[in-house]
Amino acid sequence: MNTNAALILLLAMSLCAAGGVFSGDHTHERLTQSSETDYYQSVLCPPMPAALAPSLSVHSLSPADISSVYAVGVPASHRNEVFRVVNRLTELLSMFNPDVLTQNVENSVEQRTLQAEVEEISLYLAQDSQWKLWLLFVPASSLCPCSPHVIEDVTALVQEVEETLLIMHNKLHRSLVHVVVWSGPDHLESSCECLQNENINQRLHRASLLQTLQDSLDSLMVDKQWHSDDFSVVLQPVPVISESVNSVSDVNNMVVQLWTNMLQVPYTKRSEVMDSSLMQIPCPSLEQPYLRTQMNSPAEKEQRAHSTAPAAVDVYYGTELPCTHRSPSASPPTSVHEVRPADIKVVAAVGDSLTAANGVGAKDNNLLGVMTQYRGLSWSIGGDGNITTVTTLPNILKEFNPNVTGFSVGQGSQDKPEAFLNQAVAGAKSGNMVAQVRVLVDKMKTDPRIDFHNDWKVITMFVGGNDICDFCMDSVIYSPQNVINRIKAALDILHKEVPRAIVNLVELLNIVPLRELHMDSTLRCPTWLVNLICPCILKPKEGSAELQKVKDFNRAYQKAMRDLVESGHYDKHENFTVVLQPFFREVFLPKLQDGRPDRSYFTPDCFHLSQKAHTLMARALWNNMLEPLGNKTYTQDFTQGIALKCPSETTPFLRTALNSNYTFSGPPPVPPPITNWGSDFSCVDTAPSQSVPTSVHRLRPADIKIVGALGDSITTGFGAKAKNLMQLRTEYKGVSWSIGGDQTLEKVTTLPNILRKFNPDLKGMSTGQGNLVQSKFNMAVSGAKIAGIPAQVRRLIDDMKTDPSVDFQNDWKLITLFIGGNDLCSYCNDRATLSPQNYSRHMMESLDILYNEVPRLLVNVLEILQIEGLRMVKRDSLGCSVLQQYVCTCFLAPGENSPELSEIKRVNQELQVETEKLVYSGRYDGREDFAVVAQPFFKNSIVPLNDEGSPDTTYFSEDCFHFSERGHSNMATALWNNMLEPVGKKQTFNNFSNARNDLKCPTKDHPYIFTKLNSLPPETTTSPPTPPPTTPSILPECENSVPVWLSPVLAVAGLLIGCAVTWLFFSCRAKKNKKTTTVEMNGTMF
């Protein structure tokens, strides 16, 4: 036996004889250190091989070569914001060179020109031989995006940048310059007068200006080629857009965007930071270790050439009309159901930028052209040329009646005479329809070319795209019901005031496929620009709950439009109707032969539609108008082409419900009154395990014998059934979501009532209300904070142990813990005591007690809900208007966009993170009969809405803060469903549907309540559990024949050896840590 083996054996024997020297706490400490190290390694870049000497060429410059970071051109109004970004970028560079510094340029009394600023700095750096990284900021805030002189202003600014770069090239050495277009949060709203016009689409103007500036600077880089061995200039390919820099995540996103585009990686791998929920720092590789220049990144040149190659363009936008039956009626029809195409005398349209035709005639890569409204080319109302050159609905109708009027021609806004009855406004939403309709009706009444009472009119309304682009900003304002109510208000005006009219209500397009354009970087679509125009569509991550919500809202808008027309509300007299035209319901994104999206159907912004698409839209609309209701085309594949349909001798009319023999379904039936908040139970397999399980990972619902609960007023049922302020303080524990046991599941939905369907003998639930309450194992206390939970745990254990109906050692128990609301609501009054770190410490103490003292236990831990949504809950009552803000002052009192609100929202998220981090840390994985599971249905709270799209206050009690019985019922359902969903795939939001059949059931394949271990794939579930944090380590079995005298001797020897080994280990580790501390500490900022 060699010496090392002997030492190991001696140490093992001493541990056996002494009963174990190292406790589980030390094991946990080592595991924690290891997990933290793994976390940092996953965030920070690994060390690169050290270079023998600094680089001699800027084209082989590594991050470690950078000694200083300079920023010039910083706008005075955004100085603090910019330098937060620059300083954070320097911290990131410190991973490679701990000595790197930010060289802040001193403030000047006057805002200097770029040239003067660089001239002054160059005087101090003439002899500097170290490598420097320069960030030359080009502030877009110096330009007015809607100015008629914007092109000249951009040219002047680019000229200033060119002169500055020439100075830097001549006077600065060992420098890599990154030119950054910067757009701050207060982009000229006060100084740019034209932006005050409510008809100006500020987002579109701002986005187009930024891209124009970006393109102009890009051309400058290509033309001038400022490259030498010790100097190079690179343009950041995406502007840095700062909407707000109040949060750490905003700054980090901008820093990672800058850093990503500094690395020597192919363009196809560089992208904007879209998903701020997951921070990823890209790192240089051994294959591509350098900072990017145009000389060392040939992939970008290839990409540029590929993306700017001229695409095949259809120069023919005309259409052949094969129709032979083109005559009008023998006499003007008196019924809207007998109108032929040739009977139409007037066309009109209202809507947004798609009807205003923004960018339809813009040339490739001319983003500024998207600002131009080519109204004469608009699909539903344009009248330029004729059908042989321009396909639009009016040009088709002119083939039946050459005297049709109302169409728009040329270019310009809705105020121009050429716009005529095209009153669409770029950026318009459903809320703007009433104003547009008012102007339209006035024009039709007063224009001498129109016989208002006798001419038959076709009016096309297409709106909703901008509503869904902003719905994530305020899901109440842009709720489907509110959007359709605004559309209805506009249609009601037309219905009341406009005779002899057919209104085409074009169903909102399915906008989600648009995302594909921005997932393919070879198309070089300005994704950042579309994020400005339509932020709610592109930002959600694939597969996320947010993206699913986009899809749900899109479908809900479409359905709401269908329901409005199906109500039959607009078919009450003979001279007016509204017809839903659904051709846009399902649109397939056009693809090229190589499978990439075909950008020729879009304007240069990859958002609006080009003339090629407008041509097909006009044909699709016309065909829909000739198709009978109930049989209209609702899918479009533009790549297949669309041939025009024609009226026939037997069906010569534009189709309406009556001449299609179509019966409207009418308004939806009124649901019967709700008498209780119970649920229907449909689960078939309700049997327990054949024998009492010994593993919590094989626990069926029917195996649970005891329930308990810990928490605050939400769990006590505070005010749950209150009908007035006097009843608000009553605790209705019998209907409490997680522990109530009043009546049965059919009348009261609670977790125990669900479990009683599996085990009728369940014990522990609370019943009753007020003075008649039987709390049983409901230990929650109204007003409790996390610091009070350990005491609740102690009382619960004592009560369980002394209850004669409980077999404490053998009964399986389920305890639900929900706490944190009062901590958060009081945070601003005592930040130190109520910090997220203290929250986690008290949570750990509570779970540790349960882990160490309670056998056969499954613990549900709920993440605190996002309280911000409660700010939206309002009701015209004393309780809601007065009491609510006093219930949770720290969250409900701060003003919108205030630093105080930003802080409390951040703490809210940190409490959620701390909870999940503790639960799944592995600390409680050491026992086979114990598990803790985080149930996250409150993680992304969604405020329930009523039919009007406003917050549904029936889910809340009289103070508009605590939950009503309806809210408790919904929470119970969400908790139960979370329990039957695997860890990692649990629903993280609650949709508040309150359907009686929402309860999930255990499946035949997985009849157990999900834990972390049984959520893993089958092949991994057999791995042994991690040793528990507070129990001794597993030791080798010891022979009973060891002499008694040997125990103390071996113990002392083992202790001495252990001390020596430990000293050597930590001595070496200390030396290593001394070298890496700076990098690790800086890295934790992300």
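Residues numbered from 1 in each chain as written. Predicted model: local features only at pLDDT ≥ 70, side-chain atom pairs only at ≥ 80, totals over all residues. Heavy atoms only, no water.

Asks: With reference to specific residues and values, describe the overall build of the protein chain.
Replies: Per the secondary structure count, the protein chain includes 27 helices and 17 strands. Expressed as a percentage of contacts within the protein chain between residues at least 6 apart in sequence, the contacts between residues at least 24 apart total 76%. Just so you have it, the protein chain exposes about 48,100 Å², and 53% of that area is on carbon and sulfur atoms. (Helix = DSSP H or I, 4+ residues; strand = E, 2+ residues; numbered from the N terminus. Contact = heavy atoms within 4.5 Å. Areas by Shrake-Rupley, 256 points an atom, 1.4 Å probe, with all protein chains shown as cover.)

Asks: Help me get a handle on helix α17 (residues 611-626), residues and values and all.
Replies: The end-to-end C-alpha distance of α17, which contains 16 residues, comes to 23 Å, matching closely the 22 Å that a straight helix rising 1.5 Å per residue would cover. Here α17 lies mainly inside the structure; 16 of its 16 residues are buried. (Expected span 1.5 Å × (residues − 1). Buried < 20%, exposed > 50% of the residue type's maximum accessible area, 1.4 Å probe, protein only.)

Asks: Can you lay out the pattern of salt bridges for me, pointing to particular residues and giving the numbers?
Replies: Under the criterion given, the structure shown has 31 salt bridges. Residue Lys-559 pairs with Asp-563 through a salt bridge whose shortest N-O separation is 2.7 Å. In this pair, Lys-559 and Asp-563 both sit in helix α16 (residues 545-566), 4 residues apart, roughly one turn of the helix. Under the relative-accessibility criterion, Lys-559 is labelled partly exposed at 43%. The salt bridge partner of Glu-916 is Lys-939, with a shortest N-O separation of 3.6 Å. Pair noted here: Glu-916 is in helix α25 (residues 899-919) and Lys-939 is in the loop between β17 (930-935) and α26 (965-979), with a separation of 23 residues, a long-range link. By relative accessible area, which is 29% here, Glu-916 ends up partly exposed. Taken together, the salt bridges that share partners define one network made up of Arg-438, Lys-445 and Glu-497. (Salt bridge = Lys/Arg side-chain N within 4 Å of Asp/Glu carboxyl O.)

Asks: Tell me about the sheet that holds β17, and please be specific about residues and values.
Replies: Here 4 strands make up an open sheet; going across it, the order is β14-β15-β16-β17 and the pairing parallel. Every other strand in the sheet has two partners, leaving β14 (704-711) and β17 as the edge strands with one partner each. The sheet shows a mean angle of 20° between the axes of neighbouring strands, direction not considered. By the bridge criterion, 5 bridges tie strand β15 (residues 812-818) to strand β16 (residues 857-862) in an arrangement that is parallel. By the bridge assignment for β16, Leu-817 is matched with Val-861. Along the sheet, helix α20 (residues 789-802) contacts β14 and β15; its crossing angle with β14, the most-contacted strand, is approximately 155°. Seen against the sheet, helix α22 (residues 836-853) touches β15, β16 and β17 and runs at an angle of roughly 165° to β16. (Pairing = 2+ DSSP bridges. Axes fitted to C-alpha atoms, helices over the stretch in contact; angles between N-to-C directions.)

Asks: Break down the nonpolar core for me, with residues and values.
Replies: Core analysis: the largest hydrophobic core is formed by 150 residues, its most contacted members being Leu-165, Leu-217, Ile-487, Leu-491 and Phe-584. Broken down by element, this core gets its largest block of residues, 9 residues, from α17. Counting 92 residues, the second-largest nonpolar core is a separate cluster that includes Trp-812, Leu-858, Cys-880 and Leu-999. (Core = buried A, V, L, I, M, F, W, Y, C linked by side-chain atoms within 4.5 Å.)

Asks: So what's going on with the sheet that holds strand β11 (residues 576-581)? Residues and values would help.
Replies: Taken together, the 4 strands give an open sheet; going across it, the order is β8-β9-β10-β11, and neighbouring strands pair in parallel fashion. Taken across any chain shown, the strands that pair with only one partner, and hence form the sheet edges, are β8 (344-351) and β11. Neighbour-to-neighbour, the strand axes of the sheet open up by a mean angle of 20°, direction not taken into account. Pairing analysis gives 7 bridges linking β8 to strand β9 (residues 456-462), with the strands arranged parallel. The residue bridging Ala-348 from the neighbouring strand is Ile-459, located in β9.

Asks: Explain unusual backbone geometry residue by residue, including any values.
Replies: Residues other than glycine seldom take positive phi values, yet Phe-420 does so here, at roughly 50°. Relative to the elements of secondary structure, Phe-420 occurs in the loop between α10 (393-397) and α11 (433-446). Positive phi outside glycine occurs at Arg-856, with the angle close to 50°. By the element assignment, Arg-856 lies in the loop between α22 and β16.

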